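Breakdown of the fold
Residue strings, one per chain:
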Amino acid sequence: MSLPAEQTEEQLPPLGALPPANTRHDPYAAFRSVPYARFAASFVLAALANQAIATTVAWQFTKHLTNEGDKALALGGIGLIQAIPILLLALPAGHVADSQPRRTILWITQALLVASACLLGLMLLTDQFQIGLAYGLLLVNAIAFTFQRPARASMMPTLVPAKDISNAVTWNATIFETCSVAGPAVAGPLIQYFSPAVAMFASAAMAAAGLVLIVQLPRAAAAAAKERPNFASLMAGLRFVFRTRLLLAVMSLDLFAVLLGGAVYLLPIFAERLHLGAVGFSWLLAAPSIGAIGMALVIAHLPPMKRAGPAMLAAVALFGVATIVFGLSTSFWLSFAMLVVCGIADNISVVVRHSLVQMLTPDAMRGRVGAANQIFIGSSNELGGLESGLTARWMGPVASVVTGGIGVLVVVVIVALRFPEVRRLRKLSDVSPVDAEGGGRDVPVKPIEAAAGPSPAGGG
C-alpha cells in the first residue's frame, strides 16, 4: 500500500502492532515499491531461464540413455551435482551476502548463468552432447545459484516496508512457481518442434535480459561490517537457526518432506511410463507450479493466515498423501492432478517458512540465515533427487515415490509432537526480528502463547 506523502518510514507502526480499523488488505502492496517491482522482474527472467535449462537437460539425458535404471541414476546425478555446491559453499555464500554489496553478487552470478546456458546450447547445436561435460556446466550453474540465493533473499526485505515483507514473500513464491510452469511449458514445445539447442539459447536470452534488470537495482552498502570469514562468522547463521526453535522446526519439516518426496526428479521416467512426449512431460513438470500459483494468488488476496502453524502441518501432510497417490497412478490426468495438489500444499509451506525466515532475522544476519535455509531446503531438494534416483534404481520408481510419501507423513507427526511452537503459531505478523546474540530461543513463543487470549495484532 502506498504511503501518504507526509508519512515517513520512521512513522510506520512496529511490526505486529494493531493496524488502524480502516486499513484494508492490499494484495499488491509489495509492488508499490518500484525497486521491488524491478527486482521481481529480474527474478522472473532468472527463474524462467533456470527452469528451461533444467527441463532441456533432463529431457536430453533421457534420450541419450536407453536403460531405465541408467536414466534414473543419471537424473539423480543432476540432484547430486546441484547439491554439492550448497553443502560446501552455502555458508561462505551467506557470509558474502552479508559482507559484500548484494547487487554486485546478483549480477556476477547472473552472468555465470548466461555463460553456462550459452555453452550448453553450443554443445547441443553442434551435436556434441556429453553427459560429463553437461554435469560440469550444471555444476557451474549450481555454484552461481548457491551464491545468488542468499543475496537475493536478503536483499528483498530491504526493498519494501517492513509491513509488506510477508506480501513480498508471497509474490516471490508466486513468481517462482509461475516461472516453474512457464519454463517447462516453453521449453517442451521448443524441444519438440525445433530442437533442444533452440530451447537452451532461449534460456540464455532470458538470463541475459534478467542481468540487464539487475544492474538497474539500487546500490546499497554491505549489510554488515566487512570481516574476514572465520569459523564463528560462517556458523553464525546455523547457530541462529538452532537457537530459534520456530525456525528450526519449520526448516526441519521442509527439509525431510522435500528429501523424501522428491518425485519430480523421476518425472521423465513416469512420462515414459505414461507414453507421453516432450509436451506431456513438460506439463507434468509444470503441474506442481500450477497448483502453487493458484494457492499463492489465494494467499496474496486473502487476509493474513490466522493459524499459520497448523496450516503448514496440514499442507505438508497433504503433500505426502498426494505423492503416494501420484506414485500409484497409471492415468495422466490423475498424475497431473496429484502434482497440482503437491504444488498447492508446497506453496503454503513455502510462504510460512520464508516469511518466518525474513521476519525473525535481523538484516545484518539475513545472508547467513538465508544460507542456512539454503542448506536445509536447497540441499534437500537436490539430495531428494539423488535419493529418488538411487531408490528407484533399487526398488523401482513406483515403490520409491510411494515410500517417500509415507515418510513425509511420519515426519509431520514427529515435528508436530516435538515442536509444539508450530502448532501454536497463529498470525505471522505476531513475530518480529529477534536478537542475533541471544538467538531468540524464547522470543517467538511469547506471541504464540498470547494467541490463546487476545493477540497483540487482533488475530485469533
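Residues numbered from 1 in each chain as written. Predicted model: local features only at pLDDT ≥ 70, side-chain atom pairs only at ≥ 80, totals over all residues. Heavy atoms only, no water.

**As for the overall build of the protein chain**
Helix and strand counts for the protein chain stand at 16 helices and zero strands. When burial is assessed residue by residue, the protein chain has 57% of its 460 residues classed as buried. The long-range fraction of contacts in the protein chain, counting pairs at least 24 apart against all pairs at least 6 apart in sequence, stands at 87%. As displayed, the protein chain offers around 18,600 Å² of accessible surface, 67% of which is attributable to carbon and sulfur atoms. (Helix = DSSP H or I, 4+ residues; strand = E, 2+ residues; numbered from the N terminus. Buried < 20%, exposed > 50% of the residue type's maximum accessible area, 1.4 Å probe, protein only. Contact = heavy atoms within 4.5 Å. Areas by Shrake-Rupley, 256 points an atom, 1.4 Å probe, with all protein chains shown as cover.)

**What to know about the pattern of salt bridges**
Considering all chains together, one arrives at one salt bridge under this definition. Of the charged contacts in the structure, one is a salt bridge between R245 and E421, with a shortest N-O distance of 2.3 Å. Placement of the pair is R245 in helix α8 (residues 245–260) and E421 in helix α15 (residues 420–424), with a sequence separation of 176 residues. We classify R245 as partly exposed; its relative accessible area is 21%. Residue E421 is classed as buried on the basis of its relative accessible area of 7%. (Salt bridge = Lys/Arg side-chain N within 4 Å of Asp/Glu carboxyl O.)

**What to know about the packing of helix α11 (residues 308–328) against helix α12 (residues 332–360)**
Interhelical geometry of α11 versus α12 gives an angle of 155° and a closest axis separation of 8 Å. Of the possible angle classes, the one that applies to α11 and α12 is roughly antiparallel. The hand of the α11/α12 crossing is left-handed. Contacts between α11 and α12 involve A308, A311, M312, A315, V316, L318, F319, A322, T323, V325 and F326 on the former and, on the latter, L334, S335, M338, L339, V341, C342, A345, I348, S349, V352 and R353. Broken down by class, the residue content of the contact of α11 with α12 amounts to 18 nonpolar, three polar and one charged. (Axes fitted to C-alpha atoms, helices over the stretch in contact; angles between N-to-C directions. Parallel < 35°, antiparallel > 145°, perpendicular 65-115°, else oblique. Left-handed = near helix turned anticlockwise from the far one by under 90°. Nonpolar A, V, L, I, M, F, W, Y, C, P; charged D, E, K, R; others polar.)

**Concerning α12**
Counted at 1.5 Å a residue, the expected span for α12 with its 29 residues is 42 Å, and the 42 Å between its end C-alpha atoms agrees. In terms of burial, α12 is largely enclosed, as 21 of its 29 residues are buried. Where α12 starts, the residue carrying a side-chain oxygen 3.3 Å from the main-chain nitrogen of W333 turns out to be S331. (Expected span 1.5 Å × (residues − 1). Polar contact = N/O pair within 3.5 Å; in protein donor to acceptor, adjacent residues only side chain to side chain.)

**Examining helix α14 (residues 397–418)**
For α14, with 22 residues, the first-to-last C-alpha span of 32 Å sits near the 32 Å given by 1.5 Å per residue. Among the residues making up α14, those that are buried are P397, S400, V401, V402, G404, G405, G407, V408, V411, V412, V415 and A416.

**Observations concerning the confidence of the model for the protein chain**
Of all residues in the protein chain, 79% have pLDDT values of 70 or greater, and the mean over the chain is 76. The low-confidence segment residues 1–22 (pLDDT under 50) makes 31 contacts with residues lying over four places distant or belonging to another chain. (pLDDT = per-residue confidence, 0-100.)

**Some words on the packing of aromatic side chains**
Here the structure, examined in full by the defined rule, presents nine aromatic pairs. An aromatic cluster is built from Y28, F31, Y36, F39 and W171, whose rings are joined through pairwise contacts. Its end group placed over the ring of F39, R152 keeps NZ or CZ at 5.4 Å from the ring centre. Positioned over the ring face of F419 is R418, at 5.4 Å from the centre of the ring. (Phe/Tyr/Trp six-rings, centres within 6.5 Å; stacked < 30°, edge-to-face > 60°. Lys NZ or Arg CZ within 6 Å of the ring centre and 35° of its normal.)

**Regarding unusual backbone geometry**
One non-glycine residue, D127, adopts positive backbone phi at about 55°. Within the fold, D127 resides in the loop between α3 (102–125) and α4 (131–155).

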